[in-house]
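# Descriptive structure summary
Chain by chain, the residues:
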Amino acid sequence: MESPPPATASPGAPTAHPGSIVGILAFAGIVAALTQTLVVPLIAQLPTLFDTSASNASWVITATLLAAAVSTPVAGRLGDMYGKRRMLLVSLVPLILGSVVCALSSSVIPMIAGRGLQGLGMGVVPLGISLLRDVVPAEKLGPSIAIMSASMGVGGALGLPFAAAIAENTSWRVLFWVVAVLALAVGALILALVPADRPATTVAGRFDLPGAIGLGAALIALLLAVSKGADWGWASATTLTLFAAALVLLPAWGWWELRRRDPLVDLRVTARPQVLMTNTASVLVGFAMYAQSLVVPQLLQLPEATGYGLGRSMLAMGLWMAPAGLMMMAMSPVGAKLSAAKGPKVTLAVGSLLIAAGYGLSVPLIGSGSPWSLLLVTLVCNSGVGFAYGAMPALIMSAVPQSETASANSFNALMRSIGTSFAAAVIGVVLARMTTDFGGFPLASENGFRVAMLIGCGVGLAAAVVAALVPVRTTKAPLDPPAPTTAPTRAHQEA
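Fair warning: this is a prediction, and the values are worked out from it, not measured in the lab.

## A word on the packing of helix H1 (residues 18-37) against helix H7 (residues 124-135)
- Packing of H1 against H7 brings their axes to within 9 Å, and their N-to-C directions diverge by 170°. Accordingly, the angle class assigned to the pair H1 and H7 is roughly antiparallel. Residue-level contacts link Ile21, Val22, Leu25, Ala28, Gly29 and Ala32 of H1 to Val124, Val125, Gly128, Leu131, Leu132 and Val135 of H7.

## Overview of the packing of aromatic side chains
- What the rule picks out here adds up to four aromatic pairs.
- Measuring from ring centre to ring centre gives 5.6 Å for Phe50 and Trp172, while their planes differ by 80°; the resulting arrangement is edge-to-face. With a gap of 122 residues between them, Phe50 in the loop between helix H2 (46-49) and helix H3 (54-57) and Trp172 in the loop between helix H8 (138-169) and helix H9 (173-193) connect regions that are remote in the sequence. Note on accessibility: Phe50 and Trp172 belong to one class, buried.
- Note on Trp320 and Trp372: the rings are 5.0 Å apart at their centroids and 90° apart in plane angle, and the pair reads as edge-to-face. Residue Trp320 is located in helix H14 (residues 314-342), and its partner Trp372 is located in helix H16 (residues 371-397); the two are separated by 52 residues in the primary sequence.
- Here the aromatic cluster, defined as three or more aromatic residues joined through ring pairs, consists of Phe50, Trp172 and Phe176.
- The ring of Trp59 has Lys228 lying over it, and the distance from NZ or CZ to the ring centre is 4.6 Å.
- A cation sits over an aromatic face here: Arg416 above Tyr389, 4.7 Å from the ring centre.

## Examining the pattern of salt bridges
- In this structure the tally under the stated criterion is four salt bridges.
- In this structure, Lys84 engages Asp134 in a salt bridge whose closest nitrogen and oxygen atoms are separated by 3.1 Å. One end of the pair, Lys84, is in helix H5 (residues 84-104); the other, Asp134, is in helix H7, with 50 residues separating them in the sequence.
- Judged by its relative accessible area of 0%, Lys84 falls in the buried class.
- The salt bridge partner of Asp208 is Arg260, with a shortest N-O separation of 3.5 Å. Here Asp208 is found in the loop between H9 and helix H10 (209-232), whereas its partner Arg260 is found in the loop between helix H11 (237-258) and helix H12 (267-270), with 52 residues between them in sequence.

## Examining the pairing of strand E2 (residues 441-444)
- When strand E1 (residues 435-438) meets E2, the two strands line up antiparallel, connected through four bridges. Each bridged residue has a counterpart across the sheet, and for Phe438 the counterpart in E2 is Phe441.

## Some thoughts on the environment of Ser410
- One can find Ser410 in helix H17 (residues 405-433).
- For Ser410, a relative accessible area of 0% translates into the label buried.
- Spatially, the C-alpha atom of Ser410 lies 8.2 Å from that of Arg77, the residues being 333 residues apart in sequence.
- Beyond its immediate stretch of four places on either side in the chain, Ser410 contacts Thr72, Pro73, Gly76 and Pro126.

## Re the nonpolar core
- Ranked by size, the top nonpolar core spans 56 residues in total, and within it Leu25, Leu88, Leu132, Ile190 and Leu414 carry the most contacts.
- The biggest single contributor to this core is H10, with nine residues.
- If we ignore the near neighbours within four places in the chain, the residues touching Leu132 are Val22, Leu25, Leu141, Ser144, Ile145 and Met148.
- Core analysis: the second largest hydrophobic core is formed by 50 residues, Met328, Ala349, Phe449 and Ala467 among them.

## Some words on H1
- In a regular helix each residue adds 1.5 Å, so 20 residues correspond to 28 Å; H1 covers 29 Å between its end C-alpha atoms and thus fits that length.
- Across the 20 residues of H1, 15 count as buried, placing the element largely inside the fold.

## Here's the deal with unusual backbone geometry
- Its identity as a non-glycine residue notwithstanding, Asp51 has a phi of 50°, on the positive side.
- Relative to the helices and strands, Asp51 is located in the loop between H2 and H3.
- For Asp51, a relative accessible area of 75% gives the class exposed.

## Some remarks on the side chain of Asn382
- Mapped onto the elements, Asn382 comes out in helix H16.
- Beyond its immediate stretch of four places on either side in the chain, Asn382 contacts Gln292, Ala324, Gly325 and Met328.

## Topic: the state of the cysteines
- Enumeration over the complete set of coordinates arrives at zero disulfides.
- In this structure Cys381 is a free cysteine whose sulfur lies 9.0 Å from that of Cys457, the closest cysteine sulfur available.
- Exposure remark for Cys457: the relative accessible area of 15% places this residue in the buried category.

## Overview of helix H6 (residues 108-119)
- With 12 residues, H6 extends 16 Å from end C-alpha to end C-alpha; this agrees with the ideal 16 Å at 1.5 Å per step.
- Within H6 the residues assigned to the buried category are Val108, Met111, Ile112, Gly114, Arg115, Gly116, Gln118 and Gly119.
- The inward-facing, buried residues of H6 contact H1, H3, helix H4 (59-82), H5 and H9.

## Quick word on the side chain of Thr306
- On the secondary structure map, Thr306 appears in the loop between helix H13 (273-301) and H14.
- Within the structure, the side chain of Thr306 is placed 3.4 Å from the backbone nitrogen of Tyr308, a separation counted as a polar contact.

## Regarding the confidence of the model for the chain
- Model confidence for the chain is summarised by a mean pLDDT of 84, while 91% of its residues fall at 70 or above.
- With pLDDT under 50 throughout, residues 1-13 is counted as low confidence; its partners more than four residues away or in other chains account for 26 contacts.
- Counting interchain partners and residues more than four positions distant, the pLDDT-below-50 stretch residues 475-495 has 25 contacts.

## Describing the environment of Ile96
- In this structure, Ile96 sits in helix H5.
- It is 9.5 Å that separates the C-alpha atoms of Ile96 and Gly114, two residues lying 18 residues apart in sequence.

## Describing the packing of H14 against helix H15 (residues 344-365)
- Where H14 contacts H15, the axes come no closer than 7 Å and their chain directions differ by 135°. The pairing of H14 with H15 is recorded here as oblique in orientation. Each of Gly335, Leu338, Ser339 and Lys342 in H14 lies in contact with H15, whose residues at this interface are Pro344, Val346, Thr347 and Val350.

Definitions and cut-offs
Residues numbered from 1 in each chain as written. Predicted model: local features only at pLDDT ≥ 70, side-chain atom pairs only at ≥ 80, totals over all residues. Heavy atoms only, no water. Axes fitted to C-alpha atoms, helices over the stretch in contact; angles between N-to-C directions. Helix = DSSP H or I, 4+ residues; strand = E, 2+ residues; numbered from the N terminus. Parallel < 35°, antiparallel > 145°, perpendicular 65-115°, else oblique. Contact = heavy atoms within 4.5 Å. Phe/Tyr/Trp six-rings, centres within 6.5 Å; stacked < 30°, edge-to-face > 60°. Buried < 20%, exposed > 50% of the residue type's maximum accessible area, 1.4 Å probe, protein only. Lys NZ or Arg CZ within 6 Å of the ring centre and 35° of its normal. Salt bridge = Lys/Arg side-chain N within 4 Å of Asp/Glu carboxyl O. Pairing = 2+ DSSP bridges. Core = buried A, V, L, I, M, F, W, Y, C linked by side-chain atoms within 4.5 Å. Expected span 1.5 Å × (residues − 1). Disulfide = S-S within 2.5 Å. Polar contact = N/O pair within 3.5 Å; in protein donor to acceptor, adjacent residues only side chain to side chain. pLDDT = per-residue confidence, 0-100.

In structure tokens form, the structure reads like this:
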């Protein structure tokens with residue numbers, strides 16, 4: 001994959017060794033990912049803490065999901081227009097403010113608002129990956145992308161034991177104060193040491209506000225229906241109305257985008273076979289990655305008396321899950337070397353097969369009575385996720401113009417998020433339907449967990465098939481289509 005040389009810093013501009021830049025951006029991704037698992041240890045306590053119902057408290061998680069889905073493609077487009085480093089700094093602002101609001105909350109409404117603000121900062125990872133293309137030498141770009149992509153897994157895995165340890169030993173408010181301080185530190189490091197992307201990589205034009213509103217409305221309708229369908233009832237009027245709204249809004253949004261000169265998402269670029277197939281694989285990998293994150297923690301925490309639960313505490317569960325996130329980071333350089341030797345398409349396929357192998361390995365190990373068996377499953381699965389997450393941005397960036405890097409990467413991140421949302425819905429339905437009686441209370445059964453893991457295995461195999469079908473560009477032809485003679489060229493627009 002070709003990449004321009006890093007920008008030459010002007011006098012007084014921030015400058016750092018490429019390794020330091022990658023480390024800072026990966027740190028930013030870890031901090032952003034922390035916010036996603038930060039409240040997991042608090043879920044059971046939230047109704048009591050805020051004197052509210054469990055249904056209302058669940059919005060503390062849903063608000064972050066919805067805000068992230070809506071803001072990520074917007075942040076990507078603004079990054080292409082006004083600079084990726086600038087938008088990185090802007091994205092940290094709601095992350096910091098949201099953490100402070102959560103830390104000061106005494107009722108569920110401001111807590112939900114704060115979590116929504118935190119979700120607005122989730123564009124940090126795709127923006128950071130896109131910025132690497134501008135500021136890291138070409139020979140270091142592949143490993144840098146892999147490390148940056150792995151930061152989401154590391155942050156998510158470390159967030160569980162980190163949050164559980166703090167919640168068990170001090171006030172839950174400390175969780176959010178720590179995240180606020182970490183995000184401030186990230187902003188200071190970016191401001192001081194990370195150079196700006198080259199001006200030539202930004203694109204002139206107007207921001208597509210109607211497109212942003214349309215995509216946001218469609219995503220909210222779809223993700224609300226998917227994430228809340230089990231609570232409201234899949235056949236309820238509310239759920240069906242939201243699905244219907246999404247089915248109407250998404251085609252209408254596509255129609256609008258295809259007629260815009262400066263669309264929020266360039267659907268013609270997104271429809272290029274390499275980009276389209278990679279995004280399809282991203283949905284599947286996102287699903288497969290998240291399914292085991294839902295199953296394994298439950299198996300670790302269910303009572304031993306069930307015969308298949310391991311009776312571990314929340315903190316112990318987090319500690320058993322943490323090595324899997326670290327494995328993602330450890331395997332990212334290996335995946336980068338494979339991409340350099342065989343291409344990111346092969347790395348994506350190998351990663352998907354590893355995910356499927358991890359799920360397949362889990363089926364006979366469920367009920368073994370040993371947390372080591374589940375640790376092995378998560379290590380294998382997350383090794384595959386590390387390979388796949390590093391390969392997908394590489395495939396995307398080799399197929400899109402440099403002026404659309406952030407937008408394309410952000411859309412790819414959105415596809416992964418949609419995959420995780422569907423995983424939560426599907427696995428939730430399976431575990432809710434396949435139950436066993438335990439002291440008068442229904443619990444997900446051993447067979448239910450096995451079926452859930454088999455679904456993850458099947459989705460991982462499907463991702464491998466899609467990865468094998470990704471058509472990779474082999475020519476050096478320009479990525480940008482020739483400008484029509486009647487319209488000003490991009491160069492004229494930038495001038």
